[in-house]
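The chain contents come next:
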Amino acid sequence: MGSSEGKVAFISGVARGQGRSHAVRLATQGADIIGVDICADIASINYPLATREELDETVALVEATGRRMLGTVADVRDFDQVRTAIDTGVAEFGRLDIVCANAGIAPMSFEQAPIEQELAQWGDVIGVNLSGAFHVTRAAIPHLIAGGRGGAIVLTSSTAGLVGMGSVEGGGLGYAASKHGIVGIMRVLANILAPHSIRVNTVHPTAVNTMMAVNPAMMDWVQNHPESGGPHLMNPMPVALVEPEDISAAVAFLASDEARYITGVTLPVDAGFCNKL
Ligand SMILES: NC(=O)c1ccc[n+]([C@@H]2O[C@H](COP(=O)([O-])OP(=O)(O)OC[C@H]3O[C@@H](n4cnc5c(N)ncnc54)[C@H](O)[C@@H]3O)[C@@H](O)[C@H]2O)c1
């Protein structure tokens, strides 16, 4: 029996990368999964987002563990889409216990890019990463409270949500602002939801081996920002990129009863990155 046996987890950005890994990990431990992904590109973002085929593959991977998954195409910027996906999933599976606000984008722009592109990137990164996290928590919390069994919310921030790392342009600065903002959401909700035994924490990954970190636009950005890239992006531990499963292990712990009195915590999974600064 896994530590999530009989529970139901909601995950945003579930089609690939860390979201898919969280889904498979929690399903392996016994949870059914409600998941959403945009399954479309966003014009201002210079790398591809997930596809419908990738979402279907995640559903197949979860079902291969013997658990159920409801995977829906939804944009976390749209509250009604998020709420409908969560309400539908809870109606089908009967409860909600774990919430992972994981969907995110990292738009990288350059000094020579037109200001219109930067402004669009700022709006999109705040919309997806910060407003998206709010929409997920706002739609999920009534179900967690109604269940009367407590619960766990894990919000995915970043090392960029703990230290001053980014760029002057709208994309990189907006990413850092959004990831710091997620900590604000977490701290307030942790206090408000504690009487319900609903715990709220953030995870802060260093660079992870997913499309977000491993794409040509990101490589160009690192090269064009020697003040932020190069040695400054290196982890003290001998690993350049951690794997999605490394973040899933932390998420699974925070979501489990093993962490039943851990709330309001910012947990880096960063191979020592933040500690060196
Ligand atoms: N990869 C890294 O180096 C890294 C480091 C620190 C934090 N993070 C954070 O981890 C989280 C997961 O990212 P990842 O590394 O798996 O990257 P990823 O790009 O592989 O996955 C992100 C997923 O979110 C989905 N998504 C994007 N916008 C969406 C929207 N509006 N609505 C619904 N779904 C949307 C994408 O389609 C994709 O499936 C993000 O919040 C990211 O900011 C990533």
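Placed above this text is the structure.
Predicted model only: the values in this text are computed from it and were never measured.

Student: Could you clarify how one ought to interpret the overall build of the protein in this entry?
Tutor: Assigned secondary structure in the protein consists of seven helices and seven strands. On C-alpha atoms alone, the protein measures out to a radius of gyration of 18 Å, which is about the 19 Å that the 2.2 N^0.38 rule sets for 277 residues. Judged by the C-alpha coordinates and their principal axes, the protein covers about 50 × 35 × 35 Å. Within the protein, the proportion of its 277 residues that are buried is 55%. Within the protein, contacts between residues separated by at least 24 positions form 79% of all contacts whose residues are at least 6 apart in sequence. Surface accessibility of the protein: about 11600 Å² in total, with carbon and sulfur atoms responsible for 58%.

Student: Would you mind going over the site of the ligand with me for this structure?
Tutor: Neighbouring the ligand are 29 residues, the closest being Arg-16, Asp-37, Asn-102, Tyr-175 and Thr-210. Between the ligand and Ile-38 there is a distance of 3.2 Å, counted from a nitrogen atom to a backbone nitrogen or oxygen. The contact in question runs from an oxygen atom of the ligand to an N or O atom on the side chain of Thr-210, over 2.6 Å. Within the complex, 98% of the 830 Å² of free accessible area of the ligand lies under protein. Of all the elements in the fold, those that place two or more residues in the shell around the ligand are helix H1 (17-28) and helix H5 (170-193). Among the residues forming the shell around the ligand, the class breakdown is 15 nonpolar, ten polar and four charged.

Student: Would you mind going over helix H3 (residues 79-93) with me for this structure?
Tutor: Three or four residues apart is the spacing at which side chains of an α-helix point the same way, because the helix has 3.6 residues per turn. When the terminal C-alpha atoms of H3 are compared, their 21 Å separation across 15 residues agrees well with the 21 Å that a helix rising 1.5 Å per residue should span. Here H3 has its buried residues at Val-82, Ala-85, Ile-86, Gly-89, Val-90 and Phe-93. One side of H3 holds all its buried residues, which, seen down the axis, span an arc of 125°. Turning to H3, the residues buried within the fold contact strand S1 (8-12), strand S2 (32-37), strand S3 (69-73) and helix H4 (115-147). Where H3 begins, the side chain of Asp-78 points an oxygen toward the backbone nitrogen of Asp-80, at a separation of 3.0 Å. Note on H3: the residue one or two positions beyond its end, Gly-94, has a positive phi of about 90°.

Student: For this particular structure, what's the right way to read the layout of surface pockets?
Tutor: It is the rolling of a water-molecule-sized probe over the atoms that shows where space remains empty. The calculated volume of the second largest pocket comes to roughly 310 Å³. Around the second largest pocket, the lining comprises 18 residues; the ones closest to its centre are Gly-150, Gly-151, Ser-197, Arg-199 and Arg-260. Among the elements of the structure, strand S5 (151-156) and strand S6 (198-205) are those that each provide at least two residues to the lining of the second largest pocket. Partitioned by chemical class, the residues of the lining of the second largest pocket number six nonpolar, five polar and seven charged.

Student: Is there a simple way to think about the pattern of salt bridges in this case?
Tutor: Close approach of charged atoms lets side chains of opposite charge pair. All chains considered together, the criterion is met by eleven salt bridges. In this structure, the salt-bridge partner of Glu-57 is Arg-20, at a minimum N-O distance of 3.6 Å. Of the two residues, Glu-57 is situated in helix H2 (residues 52-64) and Arg-20 in helix H1; the sequence distance between them amounts to 37 residues. Accessibility expressed as a relative area gives 18% for Arg-20, which makes it buried.

Student: It is not clear to me how the sheet that holds S3 should be interpreted in this structure. Could you clarify?
Tutor: Ordered by their spatial adjacency, seven strands build an open sheet running S3-S2-S1-S4-S5-S6-S7, and the pairing between neighbours is parallel. Single-partner strands in this sheet number two, and they are S3 and strand S7 (266-269). On average, adjacent strands in this sheet sit at an angle of 15° to one another, irrespective of strand direction. In the sheet, S5 pairs with S6 via six bridges, with the strands oriented parallel. Within the sheet, the bridge partner assigned to Ala-152 lies in S6 and is Arg-199.

Student: Honestly, the packing of H3 against H4 in this entry has me stumped. Any pointers?
Tutor: The angle between the axes and the distance between the axes are what describe a pair of packed helices. As a packed pair, H3 and H4 sit with axes 9 Å apart at the nearest point and diverge in direction by 30°. With respect to each other, H3 and H4 are oriented roughly parallel. When the axes of H3 and H4 are compared, the crossing they make is right-handed. Here H3 contributes Phe-79, Val-82, Arg-83, Ile-86, Asp-87 and Val-90 to the contact with H4, which in turn contributes His-135, Val-136, Arg-138, Ala-139, Ala-140 and His-143. Among the residues forming the contact of H3 with H4, the class breakdown is seven nonpolar, two polar and three charged.

Student: In this structure, what is going on with the nonpolar core? I would like to understand it.
Tutor: Note that soluble globular proteins tend to have their nonpolar side chains buried in a common cluster. Judged by nonpolar contacts, the single largest core of 52 residues is most densely connected at Leu-96, Ile-153 and Leu-155. With nine residues, the top contributor of residues to this core is H4. Apart from residues no more than four positions distant in its own chain, Ile-153 is found in contact with Val-99, Thr-137, Ile-141, Leu-144, Leu-193, Ile-198, Arg-199, Val-200 and Asn-201.

Student: Sorry if this is basic, but what is going on with a nonpolar patch on the surface here?
Tutor: There is a patch of nonpolar side chains on the surface, built from Val-214, Met-219 and Leu-241 and spanning about 220 Å² of accessible area. Among the secondary structure elements, Val-214 is positioned in the loop between S6 and helix H6 (216-224).

Definitions and cut-offs
- Residues numbered from 1 in each chain as written.
- Predicted model: local features only at pLDDT ≥ 70, side-chain atom pairs only at ≥ 80, totals over all residues.
- Heavy atoms only, no water.
- Helix = DSSP H or I, 4+ residues; strand = E, 2+ residues; numbered from the N terminus.
- Rg over C-alpha atoms; globule rule 2.2 N^0.38 Å.
- Buried < 20%, exposed > 50% of the residue type's maximum accessible area, 1.4 Å probe, protein only.
- Contact = heavy atoms within 4.5 Å.
- Areas by Shrake-Rupley, 256 points an atom, 1.4 Å probe, with all protein chains shown as cover.
- Near = heavy atom within 4 Å.
- Polar contact = N/O pair within 3.5 Å; in protein donor to acceptor, adjacent residues only side chain to side chain.
- Nonpolar A, V, L, I, M, F, W, Y, C, P; charged D, E, K, R; others polar.
- Expected span 1.5 Å × (residues − 1).
- Arc of directions from axis to C-beta.
- 1 Å grid on protein atoms, 1.4 Å probe; cavity = no way out; pocket = protein on both sides within 12 Å on 5 of 7 lines; lining within 4 Å.
- Points joined across faces, edges and corners; volume = space filled by probe spheres on them.
- Salt bridge = Lys/Arg side-chain N within 4 Å of Asp/Glu carboxyl O.
- Pairing = 2+ DSSP bridges.
- Axes fitted to C-alpha atoms, helices over the stretch in contact; angles between N-to-C directions.
- Parallel < 35°, antiparallel > 145°, perpendicular 65-115°, else oblique.
- Left-handed = near helix turned anticlockwise from the far one by under 90°.
- Core = buried A, V, L, I, M, F, W, Y, C linked by side-chain atoms within 4.5 Å.
- Patch = residues over 30% accessible without salt bridge, like charges linked within 9 Å, V, L, I, M, F, W, Y side chains within 5 Å.

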